[in-house]
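# Examining the three-dimensional arrangement
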Amino acid sequence: MNTRPMHFDAELSKRSTSEWMEVPAWKVSAAPVRALPDALDNPYLAATSGIQSIGHPLSPSFRVLSSPIRLDGERIEARRAPALGADKDPLLRSLGYSAIEIATLAGNGVIGVAP
């Protein structure tokens, strides 16, 4: 259920984001919410190491937003997640499943087969 008043959307759509950001009467901090493609093309983020490239099987220079957390003044390096299902066997073994039980789960379609 959308509880936002209908007139709120209608009023906001009368101006662009940049026009709203120039309204001098704001007495609160405000910033536009950007879509990911816009954020990845942001010159400020590019200049401040706010964007990192990580290796990815489908895109060798996959760009991601950097973590805002810094340790000793350095940003935390981005890492890609394992491929879907790539770490399921070690994970299930760490939870006490045997190789036979894991094979049975896979055979019954309960878990997928690693790509």
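Residues numbered from 1 in each chain as written. Predicted model: local features only at pLDDT ≥ 70, side-chain atom pairs only at ≥ 80, totals over all residues. Heavy atoms only, no water.

Counting its secondary structure elements, the protein chain contains six helices and four strands. Of the regular secondary structure in the protein chain, the N- to C-terminal order runs α-α-α-α-β-β-β-β-α-α. Taken against the 2.2 N^0.38 rule, which gives 13 Å for 115 residues, the C-alpha radius of gyration of the protein chain at 23 Å runs more than 25% over that of a compact globule. Its C-alpha atoms give the protein chain principal-axis dimensions of about 65 × 45 × 25 Å. Looking at the protein chain residue by residue over its 115 residues, the buried ones come to 13%. Counting only contacts in the protein chain whose residues sit at least 6 apart along the sequence, the fraction spanning at least 24 positions is 29%. In the structure as shown, the protein chain presents an accessible area of about 9,600 Å², 59% of it carried by carbon and sulfur atoms. Side-chain charges in the protein chain split into 12 positive and 12 negative, and the spacing between the mean points of these groups amounts to 2 Å. (Helix = DSSP H or I, 4+ residues; strand = E, 2+ residues; numbered from the N terminus. Rg over C-alpha atoms; globule rule 2.2 N^0.38 Å. Buried < 20%, exposed > 50% of the residue type's maximum accessible area, 1.4 Å probe, protein only. Contact = heavy atoms within 4.5 Å. Areas by Shrake-Rupley, 256 points an atom, 1.4 Å probe, with all protein chains shown as cover. Lys, Arg positive; Asp, Glu negative; His and termini not counted. Charge placed at Lys NZ, Arg CZ, Asp CG, Glu CD.)

Now for the packing of aromatic side chains. Applying the stated rule across the entire model yields zero aromatic pairs. In this structure, R15 is placed above the aromatic ring of W20, and the distance from its NZ or CZ to the ring centre is 4.7 Å. (Phe/Tyr/Trp six-rings, centres within 6.5 Å; stacked < 30°, edge-to-face > 60°. Lys NZ or Arg CZ within 6 Å of the ring centre and 35° of its normal.)

This part covers a nonpolar patch on the surface. There is a patch of nonpolar side chains on the surface, built from I69, L71 and I76 and spanning about 270 Å² of accessible area. Positionally, L71 belongs in strand 3 (residues 70-71). (Patch = residues over 30% accessible without salt bridge, like charges linked within 9 Å, V, L, I, M, F, W, Y side chains within 5 Å. Salt bridge = Lys/Arg side-chain N within 4 Å of Asp/Glu carboxyl O.)

With respect to the element layout, N42 can be found in the loop between helix 3 (36-40) and helix 4 (43-47). Of note is the side chain of N42, whose polar atom sits 3.2 Å from the backbone nitrogen of L45. Excluding anything up to four places from it in sequence, N42 contacts R34 and I51. (Polar contact = N/O pair within 3.5 Å; in protein donor to acceptor, adjacent residues only side chain to side chain.)

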